[in-house]
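If you want the building blocks of each chain, they are given just below.
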Amino acid sequence: MNRLKELFDEIKCWNVQFEKHDEILHDVLFDMITAESALIGIADQLLSNSTPSPDQLTILRKTLMIGDMWFLFDGGKHDLTVDEVLLRRAKMLVSLQQECQAYLKTPRD
């Protein structure tokens with residue numbers, strides 16, 4: 001739970017600046033913001049001992065990334081090695097996704 005809290009605190013403070021990224025990556029950035037919002041919401045509920053709805057949990061079953069390739073919600077994919085900031089951000093989102101999954105699998109009293 002500590003790692004979940006650390007990731008939650010770090011990611012919720014992110015500031016998105018579209019102008020700092022190549023225009024071709026804006027679709028990726030929109031997708032990341034969507035994933036980030038959903039994952040932050042789930043993490044917040046888990047940290048508050050609430051149960052996310054089945055609809056909210058669909059993001060936990062989605063493959064967000066394999067290697068350095070981000071998978072868009074529309075089925076496309078994008079190599080993030082062209083933008084180190086987005087690559088780091090994507091890896092953090094995947095880590096948050098994994099921490100949420102692990103938290104849900106942990107038995108509660």
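From a predicted model like this one, the values you see are computed outputs, not experimental measurements. (Residues numbered from 1 in each chain as written. Predicted model: local features only at pLDDT ≥ 70, side-chain atom pairs only at ≥ 80, totals over all residues. Heavy atoms only, no water.)

## Quick word on the side chain of Asp31
By the secondary structure assignment, Asp31 is in helix H2 (residues 26-47). Buried and unpaired, Asp31 has Lys62 as its nearest opposite-charge partner, separated by 5.6 Å. Here the side chain of Asp31 touches Phe73 through a polar contact of 2.5 Å, landing on its backbone nitrogen. Not counting residues within four places of it along the chain, the set of residues in contact with Asp31 comprises Trp70, Phe71, Leu72 and Phe73. (Helix = DSSP H or I, 4+ residues; strand = E, 2+ residues; numbered from the N terminus. Buried < 20%, exposed > 50% of the residue type's maximum accessible area, 1.4 Å probe, protein only. Lys, Arg positive; Asp, Glu negative; His and termini not counted. Salt bridge = Lys/Arg side-chain N within 4 Å of Asp/Glu carboxyl O. Polar contact = N/O pair within 3.5 Å; in protein donor to acceptor, adjacent residues only side chain to side chain. Contact = heavy atoms within 4.5 Å.)

## Some words on the sheet that holds strand S2 (residues 69-71)
Read across the sheet, three strands follow the order S1-S2-S3 without closing on themselves; strand pairing throughout is antiparallel. The outermost strands of the open sheet, each flanked by one partner alone, are strand S1 (65-66) and strand S3 (77-79). Direction of pairing for S2 relative to S3: antiparallel, over a ladder of three bridges. The partner of Met69 across the bridge, within S3, is Asp79. On the sheet, H2 packs against S2 and S3 and is oriented at approximately 65° with respect to S2. (Pairing = 2+ DSSP bridges. Axes fitted to C-alpha atoms, helices over the stretch in contact; angles between N-to-C directions.)

## Quick look at the pattern of salt bridges
Inspection of the entire model under this criterion finds four salt bridges. With a shortest N-O distance of 3.0 Å, Lys5 and Asp9 are connected by a salt bridge. Highlighted residues: Lys5 and Asp9, both in helix H1 (residues 2-11), separated by four residues, approximately one helical turn. You can call Lys5 partly exposed: its relative accessible area is 37%.

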